[in-house]
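The lines below spell out each chain.
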Amino acid sequence: VTADNVICCTRKVFEMSETAAIPSDKAAVSKVMCSESFAVIDSKKAVSGKLLIKGELYTKIIYCTEDGETGTFTHTMPISQILDVPGLSEECAVSVTADVIQSALSVKSDSSGENRLIEIAVKVASSVKGTKREEYTLLEECYCTDYDVNMGFEAKEFSRLVHSADRQITSKKTVDIPSSAKKIFCVWPVEKSSTMEGSDNKAQGKAEITFGFIYADEKNNVSYFEKSLEFAFEEVLNDSYDKLSCFCDVCVRDVQCDLKQNDKINLTVQLGLIAEIYHNKEKKYLSSIEIMKDTPKKKSDAALVIYFADKNERIWDIAREYNTTVEAIKNENDFDGETTKEEMMLMIPCG
């Protein structure tokens, strides 16, 4: 039986910081209104006890200019980290998620005295899981040529990774907003949850994400509201399976909006999906053997039996039926193999 077992699972936090310059074609900063940061892992490489990850950290900043207007820009920082992950090896399959858990921004002036610099400092929590495919040998049955046998059985479930995904999903939504809203300053995810279930050759998931909105009315009064939206996604598998378990993580990588009407808004949301789908198979195996020495088997009167075997019969089954051993049948018939390839006559030694 092959199974993918979790070898290591850990969560590591690392810090990043950089000074971003406001582009020359944009107005200087008076005050930062809000920001949203998210991390994208593009590549990963496992070595003994360590994981090298590379990617980008995106920070979207929304700010007020000195003349009272709203400005936005996005700053990108490269991610290059070596994480200590005890137990990880080159043979492991690795999944990584990265979430920004803390961020701080401060406005600084440049050499000309204008507030055109923003210091960005973030903490990123990276969750790492390493799995390794291993093989197990299970005993299915036994028999004794001399005595009856009592056999005990147990069942164990083995999981094997059959599909994984790390991709981006673009989704468009139309959202009802307060009728007083005339300008949307910013939209960002407040909280999220995601689930995924699979059957046959498909896995279907959904994510429920609550977005926060800051907007201004006709009198330039600033207000806030929240809206929960549901997003559906699907993964198609290469084969059909009877029992699947699914794990997924969905993050918001970007969100853009524009006013459709006075009471509606169009959202374009970029989602990052990481999914793992496992096939679960329960196997019954022999867990205990008790030889019943008070009930010996009756020996056959014949020394040899001629048996006409069908194609694809197991030698094990024939040996058990005639209370002899697989090796004895193979030796008597100069046979090498576990099953018959065609219809054939076998000499079965007995006694």
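Now for a look at the structure at hand.

Criteria and thresholds
Residues numbered from 1 in each chain as written. Predicted model: local features only at pLDDT ≥ 70, side-chain atom pairs only at ≥ 80, totals over all residues. Heavy atoms only, no water. Helix = DSSP H or I, 4+ residues; strand = E, 2+ residues; numbered from the N terminus. Rg over C-alpha atoms; globule rule 2.2 N^0.38 Å. Buried < 20%, exposed > 50% of the residue type's maximum accessible area, 1.4 Å probe, protein only. Contact = heavy atoms within 4.5 Å. Areas by Shrake-Rupley, 256 points an atom, 1.4 Å probe, with all protein chains shown as cover. Lys, Arg positive; Asp, Glu negative; His and termini not counted. Charge placed at Lys NZ, Arg CZ, Asp CG, Glu CD. Disulfide = S-S within 2.5 Å. Pairing = 2+ DSSP bridges. Axes fitted to C-alpha atoms, helices over the stretch in contact; angles between N-to-C directions. Core = buried A, V, L, I, M, F, W, Y, C linked by side-chain atoms within 4.5 Å. Salt bridge = Lys/Arg side-chain N within 4 Å of Asp/Glu carboxyl O. Phe/Tyr/Trp six-rings, centres within 6.5 Å; stacked < 30°, edge-to-face > 60°. Lys NZ or Arg CZ within 6 Å of the ring centre and 35° of its normal.

Counting its regular elements, the protein contains two helices and 13 strands. Relative to the compact-globule value of 20 Å for 351 residues, the protein shows a C-alpha radius of gyration of 33 Å, a clear excess of over 25%. Split into buried and exposed, the 351 residues of the protein put 39% on the buried side. Relative to all contacts within the protein whose residues are 6 or more apart in sequence, the contacts with residues 24 or more apart total 75%. Total accessible area computed for the protein in this model is approximately 20,000 Å², and 44% of it derives from carbon and sulfur atoms. Once the 43 positive and 59 negative side-chain charges of the protein are each reduced to a mean point, those two points are 4 Å apart.

Moving on, we come to the state of the cysteines. Across all of its chains, the model carries zero disulfides by this definition. Lacking any disulfide linkage, Cys246 is separated from the closest cysteine sulfur, that of Cys248, by 8.1 Å. Relative accessible area serves as the criterion here: at 14%, Cys246 is assigned to the buried category.

Turning our eyes to something else, we now look at the sheet that holds strand S10 (residues 244–261). Judged by pairing direction, the sheet is antiparallel, and its three strands sit side by side in the order S7-S11-S10 without closing on themselves. Only two strands of the sheet have a single neighbouring strand rather than two, namely strand S7 (147–176) and S10. Averaged over neighbouring strand pairs, the angle between their axes works out to 5° when direction is ignored.

Here the focus is the environment of Val124. Residue position: Val124 is located in strand S6 (residues 117–135). Taking the C-alpha atoms as reference, Val124 lies 60 Å from Lys341; in sequence the two are 217 residues apart. Sequence-distant contacts of Val124, that is, excluding residues within four places in its chain, are made with Lys12, Val13, Phe14, Ala39, Leu57, Ala98, Asp99 and Val100.

Let's shift gears to the nonpolar core. Ranked by internal contacts, the top residues of the largest apolar core, which has 34 residues, are Met196, Phe211, Phe233, Leu267, Val269, Leu271 and Ile277. Of all the elements in the fold, those that place two or more residues in this core are S7, strand S8 (183–216), strand S9 (222–241), S10 and strand S11 (264–296). With nine residues, the top contributor of residues to this core is S8. One finds Ile41, Tyr63, Met77 and Val96 within the second-largest nonpolar core, a separate group that totals 29 residues.

Under the definition given, this model contains 15 salt bridges. A salt bridge links Arg314 to Glu141; its shortest N-O distance comes to 3.0 Å. Here Arg314, found in the loop between strand S12 (304–309) and helix H1 (315–321), pairs with Glu141, found in the loop between S6 and S7; they are 173 residues apart in sequence, far enough to count as distant. The exposure class assigned to Glu141 is partly exposed, which follows from its relative accessible area of 23%.

A word on unusual backbone geometry. Trans peptide bonds make up most of the peptide bonds, and negative phi angles are found at most residues other than glycine. Backbone geometry at Asn312 places phi at a positive 70°, although glycine is not the residue there. Relative to the elements of secondary structure, Asn312 occurs in the loop between S12 and H1. The residue Asn323 is not glycine, and still its phi comes out positive at about 55°. Examined against the element boundaries, Asn323 turns out to sit in the loop between H1 and helix H2 (326–333).

This brings us to the sheet that holds strand S5 (residues 93–108). Taken together, three strands build an open sheet; the order of strands is S1-S6-S5 and the sheet is antiparallel. Sheet topology places strand S1 (2–21) and S5 at the edges, where each strand pairs with a single neighbour. The sheet shows a mean angle of 10° between the axes of neighbouring strands, taken without regard to direction. Two strands pair when backbone bridges link them, and S5 and S6 are joined in this way by 15 bridges, in the antiparallel orientation. Looking across to S6, one finds that Val96 is bridged to Val128.

Once that is clear, we can look at the packing of aromatic side chains. Evaluated as defined, the whole model comprises ten aromatic pairs. Ring geometry for Tyr143 against Trp316: centres 5.1 Å apart, planes inclined by 70°, an arrangement best described as edge-to-face. Taken as a pair, Tyr143 in the loop between S6 and S7 and Trp316 in helix H1 lie far apart in primary sequence, 173 residues in all. Relative to Phe225, the ring of Tyr215 has its centre 5.7 Å away and its plane inclined at 65°; by these criteria the two rings are edge-to-face. Of the two residues, Tyr215 sits in strand S8 while Phe225 sits in strand S9, which places them ten residues apart along the sequence. Of the two residues, Tyr215 and Phe225, neither departs from the other in class, the shared state being buried. Site record: aromatic cluster; members linked through ring pairs are Phe213, Tyr215 and Phe225. For the cation-ring pair, Lys284 lies above Phe153, with the distance from its terminal atom to the ring centre recorded as 4.8 Å.

In short, the description is geometric, and any link to function would need to be established separately.
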